[in-house]
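Overview (structure and organization)
Here's the letter readout for the chains.
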Amino acid sequence: MEEYNEYMVKKNYYLFLDIDNTLFSGKRGIVPASALKAIQLARQNGSKVFLCSGRSKAEAAKYINYPVDGFVLGSGAWCMAEGNLVFNHPICNKDVNAISSLINQCEMGLLIAGQKHAYLDRKCYQDIKYYVSGGKTDPRQQEEAMKANHMISMKDRDYNDPIYKMGASISHNESAEVLRSLLFEPYMMHMTLSSQECDFYEITNGTILKSVGIKKIMDYYNADINLSVGIGDSSNDIDMIKTCGFGIAMGNAFKEVKQIADWITTDIDEDGIWNAFKYLGVI
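All values derive from a computational prediction rather than experimental measurement.

Conventions we followed
Residues numbered from 1 in each chain as written. Predicted model: local features only at pLDDT ≥ 70, side-chain atom pairs only at ≥ 80, totals over all residues. Heavy atoms only, no water. Pairing = 2+ DSSP bridges. Helix = DSSP H or I, 4+ residues; strand = E, 2+ residues; numbered from the N terminus. Axes fitted to C-alpha atoms, helices over the stretch in contact; angles between N-to-C directions. Contact = heavy atoms within 4.5 Å. Buried < 20%, exposed > 50% of the residue type's maximum accessible area, 1.4 Å probe, protein only. 1 Å grid on protein atoms, 1.4 Å probe; cavity = no way out; pocket = protein on both sides within 12 Å on 5 of 7 lines; lining within 4 Å. Points joined across faces, edges and corners; volume = space filled by probe spheres on them. Nonpolar A, V, L, I, M, F, W, Y, C, P; charged D, E, K, R; others polar. Salt bridge = Lys/Arg side-chain N within 4 Å of Asp/Glu carboxyl O.

**A look at the sheet that holds strand β8 (residues 151–153)**
In space, the six strands of this open sheet follow the order β8-β7-β6-β9-β11-β10, with mixed pairing throughout. At either margin of the open sheet sits one strand with a lone partner, and together these are β8 and β10 (187–194). Sheet twist, expressed as the average angle between the axes of neighbouring strands with direction ignored, equals 25°. Sheet topology places strand β6 (residues 109–114) next to strand β9 (residues 163–170); six bridges connect them, and they run antiparallel. Counted as the bridge partner of Ala 113 is Lys 165 from β9. This element, helix α3 (residues 122–132), spans β6, β7 (118–120), β8, β9, β10 and β11 (199–205) of the sheet and lies at about 75° to β6.

**A word on the environment of Asn 65**
Mapped onto the fold, Asn 65 is located in the loop between β2 (48–52) and β3 (70–73). Judged by relative accessible area, Asn 65 falls into the exposed class, the value being 74%. For Asn 65 and Gly 114, which are 49 residues apart along the polypeptide, the C-alpha to C-alpha distance reads 18 Å.

**Details of the layout of surface pockets**
Here the largest pocket defines a volume of roughly 290 Å³. For the largest pocket, the lining is made up of 18 residues, of which Asn 21, Gly 26, Lys 27, Tyr 131 and Ser 194 are closest to its centre. Here the lining of the largest pocket gets three residues from one element, more than from any other, and that element is β10.

**Observations concerning empty space enclosed by the protein**
Enumeration according to the criterion identifies two cavities of 30 Å³ or more in this entry. If you add up the space inside the largest cavity, you get close to 270 Å³. Lining the largest cavity are 19 residues; nearest its centre among them are Asp 20, Arg 55, Lys 165, Thr 192 and Phe 200. When contributions to the lining of the largest cavity are tallied by element, the ones reaching two or more residues are α3, β10 and β11. A total of three residues in the lining of the largest cavity trace back to one element, the largest contributor, which is α3. In terms of residue class, the lining of the largest cavity is built from seven nonpolar, five polar and seven charged. The wall of the second largest cavity is formed by Gly 74, Ser 75, Ala 77, His 89, Pro 90, Ile 91, Tyr 164, Thr 204, Asn 205 and Ile 208. A breakdown of the residues in the lining of the second largest cavity according to their chemical character gives five nonpolar, five polar and no charged.

**What to know about the side chain of Asp 18**
Turning to its location among the elements, Asp 18 is positioned in the loop between β1 (14–17) and α1 (33–44). Non-local contacts of Asp 18, meaning those with residues more than four positions away in its chain, are made with Leu 23, Cys 52, Ser 53, Lys 210, Ile 231, Gly 232, Asp 233 and Asp 237.

**So, the pattern of salt bridges**
Under the counting rule described, the total for this entry stands at 12 salt bridges. Two residues, Glu 59 and Lys 165, come together in a salt bridge whose shortest N-O distance is 3.1 Å. Pair noted here: Glu 59 is in the loop between β2 and β3 and Lys 165 is in strand β9, with a separation of 106 residues, a long-range link. Like Glu 59, the residue Lys 165 is buried in the burial classification. In this structure, the salt-bridge partner of Asp 158 is Lys 116, at a minimum N-O distance of 2.9 Å. Here Lys 116 lies in the loop between β6 and β7 and Asp 158 lies in the loop between β8 and β9, a separation of 42 residues in the sequence. Given the relative accessible area of 23%, Asp 158 is considered partly exposed. Beyond isolated ion pairs, a larger network of salt bridges with shared partners links Asp 18, Lys 210 and Asp 237.

This is the structure we're talking about:
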């Protein structure tokens, strides 16, 4: 870790935090208390904090009332600042149907994430319930965790619910490259989760990335992009980390994320957000 850089000089920053395995610990099934305290103090000291996630608004429902300044969700497709909708770009129904067919063709679990709910087929539901519940094995607790994250059965899909992200789950001993090869422009896929049960890939519009949402937020405030800080752990955070004025990888981040980050903090379960904010001088 570097001993000094200009970001250690106290300033007010625009802090963009990924959710899964950056803010929310999949191992413990909680947001560490130190992370919540860091967010509170940073905002009190004049910085602004945004949750920047591949999760759609539905999947991030339990975070919508968090004491933060805004959101970049659906990997940049839905953005809000201080209660104002800044950007809204759902996936068209034709493409949702086409990508769903490709995922089914590859015999992968399917997730379709909208404003109201995330809709999962049986395979995807079974694949990710362990992670979503924070490693719980009791079926009732898993069910409660899925409901808390607005994740429901595909058979209950509301076709009027706009879709912002799609996902595919696959067991560890199988390859996702067939699906990658079948995807059509401008769509792309990133592995965002590797859990005990499966690997999970996020599929989004390749022209609408987290970096796009961050720029929309910064434009809303008429703020210099150099004052933005991105903190994340998985491959869909790479463009965010590259775009922000300063990029931080979690200690538990994928190798490729650490390689492009300006600085690496500690593991999420070792006060990673707190230590990052301390390093930046915002707390």
